[in-house]
Each structure stands twice: as C-alpha cells, then as structure tokens.
Amino acid sequence: MEFKNLRFPGVLKFRKIKIPEFLENLRRLSEEKLMDNDLLFSLTYMASLSTANISRDKVFEMIAESEYATSKYFRQIRDLTQKWHYDYATSCELIAEKVKHKRLKNLLNRFANAIAAGEPDKEFLEREWVTFKTIRKDEYLRNLESLRKWTDAYVSILVSTSLISIVILLSVVIYSRGDPLSTILVSILSCLAFSLFGYFMLYKATPKDAKVHDLLIKSKEQKMISRLQIFLLPLAAIVLSLLSIIPAILNPEAKIFGMDAKGLGLILTGVVLLPLGIIAKRDDVKVSKRDEAFTSFIRSLGAIIAGAGVTVAEALSRIDTKNLGELRDLVVQLHKRLSLGLDPRASWEKFIGESGSYLINKLTRIFIDATEMGGDANVVGEIVGSSNLEMVLLRLKRNLISAGFINLVIPLHIAMVGLILFITKILNKFTTLINMMFASQMSEIGGASEIFSRTPISGMNLGFFGNVPTELIDRYAFFVTLILIFANAFSMRVVKGSANYMLYFYFSILMIISGILMIVVPPAVDMAFSIPSFMEGG
C-alpha cells in the first residue's frame, strides 16, 4: 500500500506536466504560423509611428499593446525598461535570447546594436521595414515554387493512389486465398494514408497567409454563412449519413426512386452545401478585389489629408469613388458615419469588419494609430499602401498556381472516380456471370449433378472470381470515393489559401459530381456490357 501511495501522485504529476506542455506546443505552433506576416505588420506599424517623431517609450508601448504575434516580446522589453529600469539595448538582447523565431531574434539583436550605437529609430525602422519586405517577398516566391512542384506531386500521388486501389481490388477479386475483407480494409487505409501525406506536404509548402479576419463584425456574405451553416451543416451531415454512409455499410445496392442511394445521398449533400459554397466564393472574390483597391484608397487618403490639411471625413469626400471598386460602398458608409460625428474608432471598426479582409484589418489600424499620433499621413499612406501592394501581388502569383491546380484536380477527380466505379461494376458483373456460368454448366451435367451441387462455386473455380461478395466491392468503391472527395477538397483550399468556408464550395462541387457518377456509370456499364447469350450458356 505504501508503494502504491508513493507512485500514484507521481502518475498524477506526470499527467499534469504533459497536458500543459502539449497545449503550449499547440499554441506556439499556431502563433508561429503567421509570425512572418505579423513581423512585417509590426515593422510597418513601427515605421509608421516613427514618422510622428514620438519617443521610443511610446513606440514600444503602442507596439506592445497591438495584436500581433510579436507583441508579447515587445511587451516584455517594455516591462524590463519601465519596471526594472533596464536600458532598451540590454532589454532587446535579453529578450532575443528567449525568442525561438530566427528572424525576430535577429531583428531584436540588430535593434539592440542600433540603439547602443545611437542610430535614430526612424532610420533603423524604415531600413528594416524595406529589408524585411524584400526578404519576405523572396521567401514567399520560394514557397510558391515549392508549392508548384508539390501540386504536380499531389496529382501524381492522386493518380497512383487510385491505380493502386484498383490493382489491389483486381488482385483480391481475381484470386483471393485469404480474407478479402481485411485486404480491402488495408487498401482503404492505404488510400487514406497516401491522401493525408499529399495534403500535409501541400500544407507544409504553402505560404502561411490568412485572407479573412476573425472579428465579430463581418462582411455581409460572412454573416450569411455564419447564419446558414448553423442549419445547413448539420443537415448535410444527416443527409450524408442516412442516404450514403449507412446504406453503404448495410445495403450497398439500395435504391431510391430507381437510383443508387449512395450517389443520391452525395448529390443531396452537395446541394445542401451549395448555397454556402456560392456565398463563400462570392465573398472570396470580393475580399480579393477589396484588397487590390485598398492600396490606391489608403495612398489617396493620406495624400489628401497631408496635402490639403483636412480631416479624414473631408478627405474621404474628395476621393474619387469610381476608382475604388469593391471598396466604394464601404468608403461611402465610412464617410457618412464620420460626417455625422459618430465615434471615429467605432466607424473605422465597422469599415474594417465589413471589409472581411485580414490585410485591411491589420493595415488600416496602422494608418489610424500613426496619423492620430501626429505622423505624416502622406508617408504613412505610402508605407501602408506599399505593404498591402506587396502582399496583393504575391497573392496574384499564388492564384495562378492554385487556378491551374484546381482546374486539373476537378477533371482528374472525375476521371479517377469514374474509373473506380467502372472497374468495380465490371468486376461485379463479371463475378456474377462467372458464377452463373458455373451454375449453368453444373445443371447440364447428368449423374454428377448431385456431387457438384454439394461443392461451393468458389471451390469449383479454384478461388477465381468467387470469393468476394459483390456488396464488399460496392462498399470499397464508395469509401475510396469519399476519401478522394475529402482529400481533394482540403487540398484545393490549402493551395488556394482562402478562408475555411471555401471548403463548402469545393465539397459541394465534388460531392455533386461524384454522386452523378455513382448514378450514371453503373447503368452505363450494364448497357455496354450486357451479354444475354453468354448468360444463357449459348
């Protein structure tokens, strides 16, 4: 009893240590994912603030209170200087030792050296901002080149996975001496493993770049998606389960209105998700256009404020709205709110939220804070507009790769699913015909008929085309198709780099296409390969 009492607290202690460590690792990975983007925004923010010629204390205080992944490290530097009375050079060096992100560590070390050397913060921050933009652009382009190669590799993996699945199925059906169910399950799991491998390699190669913000105030389309998905997402899950997954397990040959139940279930699931997908696609296009128009908007706004010496509301009234594209309505609404004397912060928050854009969310706040602190609106507008333009141009290059990938994956998905359904239907039909042939031949044998009747058909054909139930083949085709749907939908989203709700669009397309193939291909095979004379033994 004493031994157990001694060990039991140790077990509890072990679990308490491991769980927080695991959660901390997850939090760190999530933070590191967008660290490079936030580092660019942090330098843009500090370079913009430096145009106001404010003190170093104020610059560090404002960047520490911002919402970037880098802010916690600047907060620690601020605390060391203001609470523990370290100088900024020493504080930057101490915090740099704790930072694991290489670029941020190097930035803090260079900042410490610049402060110790007496270099003006404004010059240092502007130089670092320009340098990091160049580095970030080069890294993004290298990631795009890697992504281009991995998209080609994913297509090869997709084709190979489908062909391997077909070969395994053929080998099991043609000649199987063991349990066909275990071989089929291994084949399905292998297909899943290869698909996951392809997806994770694409995810690793893609530049980490968020496109939509996560604020409470959202664009009109994002609000519609949030409301509709509460009802449509559970409905889609129910339809998929009741009409496709459960029939595939219990009765793969089930029919509804004379059509394959599994295929009809996929079509209805895709139709349920289609409204969400259409709205998501529309929002994705609008956010992209708003990001493209934001550069000219923010530069014009800064130039008018600085050149004419007017307020933001007056400057907005002088901007030519015809050139703002998708931002036009949002800018008009912003001008109305500011002209009515509403709270400027609340008005800008509404503008940011309704834009739905991650870039506009980050960069507009930089412009507002810098100009409120007395920064040169023209220079700040140029800095913010330049950072935005850099990201927009890089995204356009990414869109070229993603458009080619998506336009290739969808036809390839049709070909692979159609081939799997074609082969499985042929195997089903041929297995049935072989068994009927043996039954017909045995019935024509005279005195030996009693002996043959006691021998299983699978024993008579020595294991050829007789060991695998046709229902198992149908189940195999359905679950491999389902794996391809999920793998291709997630892969298209991660290559595109859009918001998670774009999955609705890709899922709806792939499910409707796959469902139609499940309904159309088997009857087409029956029509093309009906051999009544062969079945009659003639």
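For clarity, every value in this text was computed on a predicted model and none was experimentally measured.

Asks: Looking at this model, I keep getting lost on the overall build of the protein chain. Mind explaining?
Replies: Looking only at helices and strands, one finds 20 helices and two strands in the protein chain. Relative to all contacts within the protein chain whose residues are 6 or more apart in sequence, the contacts with residues 24 or more apart total 76%. Approximately 26200 Å² of the protein chain is accessible, and the part contributed by carbon and sulfur atoms is 63%.

Asks: I tried to follow unusual backbone geometry on my own but got confused; where do I start?
Replies: The phi dihedral of H85 is positive, around 60°, even though this residue is not glycine. Tracing the sequence through the fold places H85 in the loop between α4 (71-82) and α5 (88-98). Positive phi outside glycine occurs at F257, with the angle close to 55°. Checked against the element boundaries, F257 lands in the loop between β1 (255-256) and β2 (259-260).

Asks: When you look at the packing of helix α7 (residues 121-174) against helix α8 (residues 180-205) in this model, what are you seeing that I'm missing?
Replies: Taken N-terminus to C-terminus, the directions of α7 and α8 make an angle of 175°; their axes are 8 Å apart at the nearest point. Considering the angle they form, α7 stands roughly antiparallel to α8. Contact residues: N143, S146, L147, W150, T151, Y154, I157, T161, S165, I168, L169 and V172 in α7; P180, T183, I184, S187, C191, F194, F197, G198, Y199, M201, L202 and A205 in α8. Residues that form the contact of α7 with α8 fall into these classes: 16 nonpolar, eight polar and no charged.

Asks: Help me understand the nonpolar core in this model?
Replies: Across soluble globular proteins, you tend to see nonpolar side chains buried next to one another. Residues F297, L301, L327 and F351 are the most contacted members of the largest nonpolar core, which totals 74 residues. A total of nine residues in this core trace back to one element, the largest contributor, which is helix α2 (residues 35-50). If you look at the next biggest cluster of nonpolar residues, it comprises 68 residues, including V155, Y199, L240 and I410.

Asks: It is not clear to me how the pattern of salt bridges should be interpreted in this structure. Could you clarify?
Replies: Close approach of charged atoms lets side chains of opposite charge pair. One pass over the full model with this rule turns up 25 salt bridges. Ionic pairing is found between E354 and R337, a salt bridge with its closest N-O pair at 3.7 Å. Note that E354 is positioned in helix α13 (residues 344-355) and R337 in helix α12 (residues 328-339), a separation of 17 residues in sequence. Classification of E354 by relative accessible area gives buried; the value is 17%.

Asks: Quick question: what am I supposed to make of the side chain of H213 here?
Replies: In this fold, H213 is placed in the loop between α8 and α9 (220-250). There is a polar contact of 3.0 Å between the side chain of H213 and the backbone oxygen of G353.

Asks: Even after reading the chapter, I still don't get empty space enclosed by the protein, so can you show me in this structure?
Replies: The probe, sized like a water molecule, is rolled over the atoms to show the empty space still left. Evaluation of the coordinates by the stated rule reveals one cavity of 30 Å³ or more. Lining of the largest cavity is provided by R345, W348, E349, I352, R365 and I368. Contributing elements (two or more residues each) for the lining of the largest cavity: α13 and α14 (358-372). Considering each element in turn, the lining of the largest cavity owes the most residues, four residues, to α13. Grouping the amino acids of the lining of the largest cavity by side-chain chemistry returns three nonpolar, no polar and three charged.

Asks: Sorry if this is basic, but what is going on with the side chain of T295 here?
Replies: The topology assignment puts T295 in helix α10 (residues 261-308). In this structure T295 touches G385, N388 and L389, once residues within four positions along its chain are discounted.

Asks: Help me understand the layout of surface pockets in this model?
Replies: Of the volumes computed, that of the largest pocket is approximately 960 Å³. Lining the largest pocket are 35 residues, and of these K33, L34, A210, K211 and V212 sit closest to its centre. Contributing elements (two or more residues each) for the lining of the largest pocket: α1 (2-33), α9, α14 and α18 (470-496). When residues of the lining of the largest pocket are assigned to their parent elements, the largest contribution, four residues, is made by α9. As a volume, the second largest pocket reaches approximately 480 Å³. If you go around the second largest pocket, you meet 24 residues; those closest to its centre are K255, K425, N428, D474 and P522. Looking at the lining of the second largest pocket, the elements with two or more residues in it are β2, α15 (377-444), α18 and α19 (502-528). Counting residues per element, the lining of the second largest pocket draws most heavily on α15, which supplies seven residues. Of the residues contributing to the lining of the second largest pocket, the split by class is 11 nonpolar, five polar and eight charged.

Asks: Can you help me understand the packing of α10 against α18 in this one?
Replies: For any two helices packed against each other, one specifies the inter-axial angle together with the distance between the axes. At a minimum axis separation of 14 Å, α10 and α18 run at an interaxial angle of 5°. One way to sum up the angle between α10 and α18 is to call them roughly parallel. Seen from α10, the contacting residues are K262, L266 and D284; seen from α18, they are D474, F478, L482, I485 and K496. Its residues placed into classes, the contact of α10 with α18 shows four nonpolar, no polar and four charged.

Definitions and limits used
- Residues numbered from 1 in each chain as written.
- Predicted model: local features only at pLDDT ≥ 70, side-chain atom pairs only at ≥ 80, totals over all residues.
- Heavy atoms only, no water.
- Helix = DSSP H or I, 4+ residues; strand = E, 2+ residues; numbered from the N terminus.
- Contact = heavy atoms within 4.5 Å.
- Areas by Shrake-Rupley, 256 points an atom, 1.4 Å probe, with all protein chains shown as cover.
- Axes fitted to C-alpha atoms, helices over the stretch in contact; angles between N-to-C directions.
- Parallel < 35°, antiparallel > 145°, perpendicular 65-115°, else oblique.
- Nonpolar A, V, L, I, M, F, W, Y, C, P; charged D, E, K, R; others polar.
- Core = buried A, V, L, I, M, F, W, Y, C linked by side-chain atoms within 4.5 Å.
- Buried < 20%, exposed > 50% of the residue type's maximum accessible area, 1.4 Å probe, protein only.
- Salt bridge = Lys/Arg side-chain N within 4 Å of Asp/Glu carboxyl O.
- Polar contact = N/O pair within 3.5 Å; in protein donor to acceptor, adjacent residues only side chain to side chain.
- 1 Å grid on protein atoms, 1.4 Å probe; cavity = no way out; pocket = protein on both sides within 12 Å on 5 of 7 lines; lining within 4 Å.
- Points joined across faces, edges and corners; volume = space filled by probe spheres on them.

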